[in-house]
Amino acid sequence: MLGDTNAVMMTPAHQFPTGVILDGDRRRQLMRWDGLIIEDDYDAEHRYGRAPVPALRSMLAERVCYAGSVSKLLAPALRVGWLLVPTKYRDRAIAAKRIADLGNAALPQLVLAELMTSGELERQLRFLRRRHVRRRDAMVKAVREYLPGATVHGVAAGLHLMITFDAGFSDVDLAAATLKQGVKVQPLSWHCQNPYPPGLVLGYAANTPSDIAAGIETISRAVRRL
Ligand SMILES: Cc1ncc(COP(=O)(O)O)c(C=O)c1O
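Just so you know, these numbers come straight off a predicted model, no measurement behind them. (Residues numbered from 1 in each chain as written. Predicted model: local features only at pLDDT ≥ 70, side-chain atom pairs only at ≥ 80, totals over all residues.)

Moving on to unusual backbone geometry. Geometrically, the link from F16 to P17 is a cis peptide bond, its omega value of 5° lying close to zero. Within the secondary structure, P17 is located in the loop between β1 (7-10) and α1 (24-32). A positive phi is found at D43, a non-glycine position, where the angle reads about 65°. Position of D43 among the secondary structure elements: in the loop between β2 (36-40) and β3 (64-69). One non-glycine residue, R79, lies in the positive phi region at around 55°. In this structure, R79 sits in the loop between β3 and β4 (81-84). (Helix = DSSP H or I, 4+ residues; strand = E, 2+ residues; numbered from the N terminus.)

Encoded structure:
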């Protein structure tokens, strides 16, 4: 699988946009490989109704650079994240970071440390999970009702769903048509290198259940006109 590759970057807990989790076979293949793994543990905490997927870093500490951020837990504008680096890469990673951005503001990091130690961050996560589940369920229900021909993917984690259509229309045209009606979605083909059925990437985290239902109804009207 990895041939002469020296390093891979991956999102084992949740791939964007499919929502796929790196399965046991692939994990075992990686354990046998001796290159550097950059693990973007993206969306790992936003999971619903299933046990957390252990980070690769927890099993391969000396071969995995582990990255995460508070973008989806607090706010992307904070620009606060972390990178756990194997000892042998540590000095080079610090030097590269310094050259890349001359460092981050200390105050947001101190505030984050306080939120972590006080338990407030955990509380925020519990609050978000409950809200996201309601919004995700509203979206799944609306897709079943208004878009019965669509297949839903990636419900177990994340802040979005992927839907695919067993049809011949262009998802770029569909996304353009829904945008004209005030509903912004991403066509799945933006994320594909190989031919794939038409589909959409639908975020649910930032909208109320009733707005989500209205948005999906708008998409269904656009589908009927294609
Ligand atoms: C794959 C992936 N990793 C990480 C992030 C978070 O990026 P950042 O922490 O720079 O906001 C995103 C944002 O959507 C993402 O899609």
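Turning next to the packing of helix α4 (residues 120-146) against helix α6 (residues 209-225). For the pair α4 and α6, the least separation of the axes is 9 Å and the interaxial angle reads 30°. The angle between α4 and α6 falls in the class roughly parallel. Relative to α6, the crossing made by α4 is right-handed. Along the contact surface, α4 presents R134, R135, A138, M139, A142, V143 and Y146, while α6 presents P209, I212, A213, I216, E217 and S220. (Axes fitted to C-alpha atoms, helices over the stretch in contact; angles between N-to-C directions. Parallel < 35°, antiparallel > 145°, perpendicular 65-115°, else oblique. Left-handed = near helix turned anticlockwise from the far one by under 90°. Contact = placed C-beta atoms within 7 Å.)

With that settled, the discussion passes to the sheet that holds strand β6 (residues 160-165). Within a sheet, adjacent strands bond to each other through the backbone by hydrogen bonds, running parallel or antiparallel. Spatial strand order, β5-β6-β8-β7: four strands in an open sheet with antiparallel pairing. Because the sheet does not close on itself, it has two edges, and the strands there are β5 (150-153) and β7 (186-187). With two bridges joining them, β7 and strand β8 (residues 199-203) adopt antiparallel strand pairing. From the neighbouring strand, Q186 faces β8, where its bridge partner is V201. Strands in contact with α4 are β5, β6 and β8; relative to β5, the strand with the most contacts, it is inclined by about 160°. (Pairing = 2+ DSSP bridges.)

The subject of this paragraph is the domain arrangement of the protein chain. Under the domain assignment used here, the protein chain contains domain 1 (7-118) and domain 2 (122-225). Of note, the centres of domain 1 and domain 2, computed from C-alpha atoms alone, are 26 Å apart. Between domain 1 and domain 2, the residue contacts involve 13 residues of the former and 17 residues of the latter. In terms of residue class, the side of domain 1 that touches domain 2 is made up of three nonpolar, five polar and five charged. (Domains from an automatic or database assignment. Nonpolar A, V, L, I, M, F, W, Y, C, P; charged D, E, K, R; others polar.)

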